[in-house]
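Given next are the chains, with one letter for each unit.
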Amino acid sequence: MIRYAINRILIVIPLLLALSVLLFLYVHAVPGDPIAGMLGPNGSPELIAQLRAERGLDRPLYVQYWDWISGLAQGDLGISLISGQQITPVVINRIPATFQLTFVSLFFTVLIGLPAGFLAGKYRGSWIDKILSPAALLGLSMPVFWIGTLLILILAVQLRWLPTGGYIPFAQSPVDSLRLTLMPALALGIHLSPFLARMVRATTIELQQEQFVVQARMKGLRSRTITYRYLLRNAIVPVLVVLGLQLGTLLGGQVIVEQLFNWPGVGRLLVEGAIQRDYLMVQSLILVVATIYVIVNLGVELLHAWLDPRVRL
Amino acid sequence: MTKQQQRMPGSDPLRDGAVLDVRGLTVEFPARGRNVRAVDNVSFTVGRGEIIGLVGESASGKSTLGLALMRMIPAPGVVSAGTIAFGGRDLASLPEAEMRELRGKALSLIVQDALATMNPVTTIEEQITEVIRDHGGDRSRKSLRARATEMLREVRLPNAEQSLNRYPHQLSGGMQQRVAIAEGLILGPELIIADEPTTALDVTVQAQILALLRDICDTRGTSIIFVTHDLATVAEICDRVMVMYAGRIVESGTVSAVFSKPAHPYTKALLSGLLPLSGEPPAELEALPGQPPRPDAWPTGCRFHPRCPLWRALGEPEICTTTDPEVDESDSHWAACHFADLEGAGR
Ligand code: SF4
């Protein structure tokens with residue numbers, strides 16, 4: 001198991017390095033100077049040159065890249081193009097909010113997607129399936145900002161159960177913090193769960209035809225045993241894989257949802273950076289997000305290996 | 001003229017009374033608006049401690065018959081007629097809840113691909129003990145484990161104790177089959193239906209598993225219905241043999257009687273394929289001319305007539321195409337052929 005983990009990590013490192021080079025080239029080597037772009041038509045050549053020197057952008061590209069990447073290795077994300085401030089503390093500041101939203105979103109995704117998919121698959125063709133399958137299709141076709149807006153309209157504006165947005169740190173007031181997390185997380189959960197439900201449904205249908213499930217009935221096992229130990233336990237494995245894959249969608253959705261619900265996470269920082277044309281910020285943030293994506297996927301893979309003994313070999 | 005009467009003195013099939021008595025069992029599947037009979041009006045008995053070979057080609061209905069006894073015919077198929085007397089009950093009409101309790105406890109089914117029949121994500125220990133637990137057996141983890149170990153020893157699994165902590169895929173094919181047998185045996189069933197349990201294994205392991213099954217019958221008094229297409233295996237471990245063709249049993253008798261004096265042309269064809277001059281018997285039933293018929297198009301009269309060498313040799317008599325051969329199933333050796341006794345002593 002440990003060997004397996006180390007192997008996977010060794011594969012991930014060159015992947016991230018390659019990504020960093022691509023990102024760097026994308027930001028620095030594309031035509032158009034970031035500083036000139038930032039200052040717009042008002043930027044005089046002197047001002048541009050001055051800023052370039054200040055931010056170290058006049059040095060050769062390989063020096064800049066080395067600077068950036070060696071800084072990253074030490075947890076230094078560089079400085080913001082706009083404010084000239086260190087990026088790392090700003091990001092660290094935003095991480096708790098992002099993690100909280102991610103976690104609760106995944107929770108809702110599984111809470112909705114797993115039972116819905118499992119029931120639809122187990123009772124395929126029944127009324128449950130006939131309701132859930134079109135509902136999943138509907139969910140798949142709704143953009144996340146639309147779901148979010150709908151939730152705001154219903155839960156906040158009409159029913160006045162929840163505030164329209166905002167954020168309170170969990171440490172400050174857990175209950176209020178979770179109340180505020182509810183809507184953005186639900187929006188993401190509704191957005192992500194249809195895909196999960198469809199996967200789980202397909203898996204459950206397949207599982208029921210598997211010989212070992214048929215044999216479980218031949219052995220006279222109780223239907224509860226078959227449902228939990230044979231069907232559900234084996235259906236969990238693809239759930240994990242799907243969640244790992246969907247993390248990209250989740251992070252993307254988060255950028256939108258954080259904006260919509262005024263949620264101060266990394267996603268909104270990214271949007272702010274992009275709007276202000278803070279290329280250095282965008283470059284570092286994307287790499288951070290990619291790293292999180294890769295690490296979580298690695299974790300999912302290890303969990304998968306732990307849950308399905310056949311993968312471990 | 002309608003019956004084959006070859007009594008084998010001293011071979012009563014119902015030694016200590018029948019464990020299983022099947023009468024007129026019929027299994028139907030709806031297909032294109034009508035019902036096809038995969039198993040058609042089959043009757044037989046199984047004695048205590050007896051191993052009965054059920055031989056036939058793939059579409060003959062032999063596996064379906066095994067599933068019917070477990071009441072596990074896949075929907076939309078149904079047992080549409082007949083009785084299955086077992087332990088004082090009729091399995092054909094037993095409520096599903098009671099049937100569930102009997103499965104794995106009073107009668108077990110062991111199939112070919114043991115690995116595919118095991119839950120990939122649970123250990124051998126869990127798989128064996130859950131059978132006990134789900135049949136209301138004891139719940140203490142320690143004694144469950146002890147019982148599982150003992151059972152694995154009985155099926156001669158090497159390292160029984162350690163194997164309990166393994167997952168199915170970590171065992172060899174032969175070990176997997178032993179575990180599957182242990183699962184089927186743990187609650188001491190009276191009847192085991194073994195559907196090609198050794199086909200996927202290599203020859204040495206095959207011989208070991210067969211010897212094990214024979215031992216279990218002899219020591220525990222368990223009866224086995226051994227479903228196979230391999231006549232060599234039947235000759236090796238079975239007491240009696242039933243030959244199935246097109247949803248029906250066409251010949252039944254003790255292994256010695258059927259193998260020395262096969263009465264049905266189909267059985268003869270099978271057996272002649274078994275005896276080539278070289279040592280290795282191919283035992284392939286496909287050696288017969290023509291294709292085995294399909295359940296949705298059973299031939300009229302004697303279902304074997306389109307492929308029957310005797311029918312052709314006799315100048316294609318009409319009776320074979322119009323009338324089902326009748327048999328007296330209480331005879332110890334019988335064959336469903338109008339001309340069985342013409343040929344009966346012919347070998
Ligand atoms: S009844 Fe006729 S067709 Fe059928 S096996 Fe006998 S001879 Fe052949």
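Residues numbered from 1 in each chain as written. Chains lettered and ligands numbered in written order. Predicted model: local features only at pLDDT ≥ 70, side-chain atom pairs only at ≥ 80, totals over all residues. Heavy atoms only, no water.

1. As for unusual backbone geometry
Residue and element names in this part refer to chain B. Just so we agree on the cut-off: For helices the rule is a DSSP run of H or I covering at least 4 residues; for strands it is a run of E covering at least 2, with both sets numbered from the N terminus onward.
Each neighbour pair has its own omega, and for Ala-75 with Pro-76 the value is 5°, a cis peptide bond. You can see Pro-76 is positioned in the loop between α1 (62-70) and β4 (78-86). Of note in this structure, Glu-196 is not a glycine but carries a positive phi near 50°.

2. Here's the deal with the interface of chain A and chain B
Formally: Whether two residues are in contact is decided by their heavy atoms, any of which lying within 4.5 Å being enough. For any pair of parts, buried area is found by adding up, for both, the accessible area (1.4 Å probe) each one loses once the two are put together. Criterion for a salt bridge: a side-chain nitrogen of Lys or Arg within 4 Å of a carboxyl oxygen of Asp or Glu. We define a polar contact as two N or O atoms separated by no more than 3.5 Å, with the added condition that, inside protein, one atom must be a possible hydrogen donor and the other a possible acceptor, whereas residues neighbouring each other in sequence contribute only through side-chain atom pairs.
Taken together, the 20 residues of chain A in the interface contact 28 residues of chain B. The junction of chain A with chain B conceals about 2400 Å² of combined surface from both sides, 52% of it contributed by carbon and sulfur atoms. For the chain A face of the interface with chain B, the top three residues by lost area are A:Met218, A:Lys219 and A:Arg229, together amounting to 29%. The interface formed by chain A and chain B includes 3 salt bridges. Close ionic contact of A:Arg229 with B:Glu126 constitutes a salt bridge, the shortest N to O distance being 3.0 Å. Applying the counting criterion to the chain A and chain B interface returns 12 residue pairs in polar contact (both at pLDDT 80 or more). Those elements giving two or more residues to the side of chain A that touches chain B turn out to be α9 (211-218), α10 (223-260) and α13 (309-312) of chain A.

3. Comments concerning the sheet that holds β4(B)
Strand pairing in a sheet relies on backbone hydrogen bonds. The paired strands run either parallel or antiparallel. Residue and element names in this part refer to chain B. Here is the rule we go by: Any two strands between which DSSP finds at least two bridges are classified as paired. Angles here are taken between N-to-C directions and fall from 0 to 180 degrees, while the axes themselves are lines fitted to C-alpha atoms, restricted in helices to the stretch in contact.
With antiparallel pairing, the 4 strands of this open sheet are ordered in space as β2-β1-β4-β5. Looking at which strands have only one partner, the edges of the open sheet turn out to be β2 (34-47) and β5 (89-90). With 7 bridges connecting them, strand β1 (residues 18-31) and β4 associate as antiparallel partners. Paired with Val-22 across the bridge in β4 is Ile-84. Strand contacts of α1: β1, β2 and β4, with the helix running at about 110° to β1, the strand carrying the most contacts.

4. A word on the packing of helix α11 (residues 266-275) of chain A against helix α12 (residues 279-307) of chain A
Residue and element names in this part refer to chain A. Using the following cut-off: Convention used here: angles under 35 degrees read as roughly parallel, angles over 145 as roughly antiparallel, angles from 65 to 115 as roughly perpendicular, and any remaining angle as oblique. By convention the crossing between two helices is left-handed if the near helix lies anticlockwise of the far one by an angle smaller than a right angle, and right-handed if it lies clockwise. Note on residue categories: nonpolar means Ala, Val, Leu, Ile, Met, Phe, Trp, Tyr, Cys or Pro, charged means Asp, Glu, Lys or Arg, and polar means any other residue, Gly included.
The geometry of α11 relative to α12 is characterised by a closest axis approach of 9 Å and an angle of 155° between their N-to-C directions. Between α11 and α12, the angle falls in the class roughly antiparallel. Crossing geometry of α11 relative to α12 is assigned as left-handed. Facing Val-266, Leu-269, Leu-270, Gly-273 and Ala-274 of α11, the residues of α12 in contact are Met-281, Val-282, Leu-285, Ile-286 and Val-289. Taken together, the residues of the contact of α11 with α12 break down into 9 nonpolar, 1 polar and no charged.

5. Regarding the state of the cysteines
Residues and elements named next belong to chain B. Using the following cut-off: Any cysteine sulfur atom paired with another within 2.5 Å is treated as part of a disulfide. The cut-offs for exposure are 20% and 50% of the maximum accessible area for each residue type, with area from a 1.4 Å probe on protein chains only; residues under the lower value are buried, those over the upper are exposed, and the others partly exposed.
Applying the stated criterion across every chain, the model contains 0 disulfides over all chains. There is no disulfide at Cys-217, and the cysteine sulfur nearest it, in Cys-238, is 9.1 Å away. Residue classification places Cys-217 among the buried residues on the basis of a relative accessible area of 2%.

6. Section: the site of the ligand
Note the following rule: Only a single heavy atom is needed: when it lies within 4 Å of a molecule or strand, its residue is near that molecule or strand.
Looking at the ligand, the residues that line it are B:His264, B:Pro265, B:Cys302, B:Phe304, B:His305, B:Cys308, B:Leu310, B:Trp311, B:Cys320, B:Cys337, B:His338 and B:Phe339. Residues of the shell around the ligand, tallied by class, amount to 9 nonpolar, 3 polar and no charged.

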